[in-house]
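What follows is the residue order along each chain.
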Amino acid sequence: MIVFSNVSKKYNNTTALDNVSFKITPGEFVSLVGESGSGKSTIIKLIIGEEKPTSGRVIVGSYEVHRLHPKELPQLRRQIGTVFQDFKLLPTKTAYENVAFALEVDGRPEHEIEEAVMQMLDMVGIADKKKNFPHELSGGEKQRVAISRAMIHKPAVVVADEPTGNLDAKNSAEILKLLFK
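Residues numbered from 1 in each chain as written. Predicted model: local features only at pLDDT ≥ 70, side-chain atom pairs only at ≥ 80, totals over all residues. Heavy atoms only, no water.

Digging into the overall build of the chain
Alright, step 1. What the chain contains, in helices and strands, is 6 helices and 6 strands.
Alright, step 2. Put simply, the chain runs from its N terminus to its C terminus through helices and strands in the order β-β-α-β-β-α-β-α-α-α-β-α.
Alright, step 3. Taking 181 residues into account, the globule formula puts the C-alpha radius of gyration at 16 Å, and the chain, at 17 Å, falls close to it.
Alright, step 4. Along the longest, intermediate and shortest principal axes, the C-alpha atoms of the chain span 45 × 35 × 30 Å.
Alright, step 5. When each of the 181 residues of the chain is scored for burial, the buried share is 40%.
Alright, step 6. For the chain, the proportion of contacts with a sequence separation of at least 24, taken over those separated by at least 6, is 59%.
Alright, step 7. Working note: accessible area of the chain is about 10300 Å², and carbon and sulfur atoms make up 49% of it. (Helix = DSSP H or I, 4+ residues; strand = E, 2+ residues; numbered from the N terminus. Rg over C-alpha atoms; globule rule 2.2 N^0.38 Å. Buried < 20%, exposed > 50% of the residue type's maximum accessible area, 1.4 Å probe, protein only. Contact = heavy atoms within 4.5 Å. Areas by Shrake-Rupley, 256 points an atom, 1.4 Å probe, with all protein chains shown as cover.)

Rendered as structure tokens:
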């Protein structure tokens, strides 16, 4: 499902990854643990094609991510549910609109979007916040919106950068069940 083969990534004079190789098979649950600055976020950026490796190969499913043209990245990203550490919510859109946007871009019909978004917001326990804008949500609520948006496509791969960082223990357990069932 995900293969890193001798991947290195350098930013100017700083080495973020040095000759990293690993394989993650379908259905496998993997946690990357390490100090700040150890390359965890860089690995996520390489998986979703936000960055290209300095050297080596990055493969996700049938995509050789390191070789993709920018116009091909949306196809890859529809296969990956990504939960960013900083949420990346659109500030001028409500919780509902932030989640719906992922399906609108895909050209889904409005009735399908409404049903899917409401089901997803309900699953993460914030359907009652659907009309709230990001600045009106707590950190945990923003995280749930971000998780809903990542999961709305029912992706083959879920990549999460500290997905429960803003949640209490009870909600963290529930969200992890949703992400990795």
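Next comes the rest of the write-up.
As for the pairing of strand 3 (residues 55–60)
Alright, step 1. Looking at chain direction, strand 1 (residues 2–11) and strand 3 are connected through 5 bridges and run antiparallel. Each bridged residue has a counterpart across the sheet, and for Ser5 the counterpart in strand 3 is Arg57.
Alright, step 2. The hairpin formed by strand 3 and strand 4 (residues 63–64) contains 2 residues between the paired strands, and Gly61 there has a positive phi angle of roughly 60 degrees. (Pairing = 2+ DSSP bridges.)

What about helix 4 (residues 110–123)?
An α-helix turns once every 3.6 residues. As a result, residues three or four positions apart point the same way.
Alright, step 1. In this model helix 4 runs 20 Å from its N-terminal to its C-terminal C-alpha over 14 residues, within 8% of the 20 Å that 1.5 Å per residue would give.
Alright, step 2. The complete set of buried residues in helix 4 reads Ile113, Val117, Met120 and Leu121. Each buried residue of helix 4 lies within a common arc of 95 degrees when the element is viewed along its axis, so the set occupies one face. Turned more than 90 degrees away from the buried face of helix 4, the exposed residues are His111, Glu115 and Asp122.
Alright, step 3. Buried-residue contacts for helix 4 involve helix 3 (95–104) and helix 5 (139–151).
Alright, step 4. Positive backbone phi, at 80 degrees, marks Gly125, one or two positions downstream of helix 4. (Expected span 1.5 Å × (residues − 1). Arc of directions from axis to C-beta.)

So, a nonpolar patch on the surface
Alright, step 1. On the surface, Leu90, Phe101 and Val105 cluster together into a nonpolar patch covering about 240 Å² of accessible area.
Alright, step 2. By the secondary structure assignment, Phe101 is in helix 3. (Patch = residues over 30% accessible without salt bridge, like charges linked within 9 Å, V, L, I, M, F, W, Y side chains within 5 Å. Salt bridge = Lys/Arg side-chain N within 4 Å of Asp/Glu carboxyl O.)

Describing the pattern of salt bridges
A side chain of one charge can pair with a side chain of the opposite charge if their charged atoms are brought near each other.
Alright, step 1. This structure, assessed with the given rule, holds 8 salt bridges.
Alright, step 2. The partner of Lys88 in a salt bridge is Asp86, with the nearest N and O atoms 3.7 Å apart.
Alright, step 3. Overall, Lys88 belongs to the partly exposed group, its relative accessible area being 40%.
Alright, step 4. In this structure, Arg108 and Asp106 form a salt bridge, with 3.5 Å as the shortest nitrogen-oxygen distance.
Alright, step 5. Each of Arg78, Asp106, Arg108 and Glu112 takes part in one network of salt bridges that share partners.

Things to note about helix 5
Alright, step 1. Taking 1.5 Å as the rise per residue, helix 5 with 13 residues should run 18 Å; its terminal C-alpha atoms sit 18 Å apart, in good agreement.
Alright, step 2. Of all 13 residues making up helix 5, 11 are buried, and the element is well covered by its neighbours.
Alright, step 3. Regarding helix 5, the residues found buried are Gly140, Glu141, Gln143, Arg144, Val145, Ala146, Ile147, Ser148, Arg149, Ala150 and Met151.

A word on the sheet that holds strand 3
Alright, step 1. Pairing is antiparallel in the open sheet, where 4 strands are placed in the order 2-1-3-4. Edge strands, defined here as strands with exactly one partner in the open sheet, are strand 2 (14–24) and strand 4.
Alright, step 2. Sheet contacts for helix 1 (residues 40–47): strand 1, strand 2 and strand 3; angle to strand 1, the most-contacted strand, approximately 115 degrees. (Axes fitted to C-alpha atoms, helices over the stretch in contact; angles between N-to-C directions.)

Considerations on the environment of Phe101
Alright, step 1. Look at Phe101 and you get partly exposed, because its relative accessible area is 36%.
Alright, step 2. Distance from Phe101 to Ile113, taken between C-alpha atoms, is 9.0 Å for residues 12 residues apart in sequence.
Alright, step 3. Ignoring anything within four residues of it in the chain, the contact list for Phe101 reads Leu90 and Lys93.

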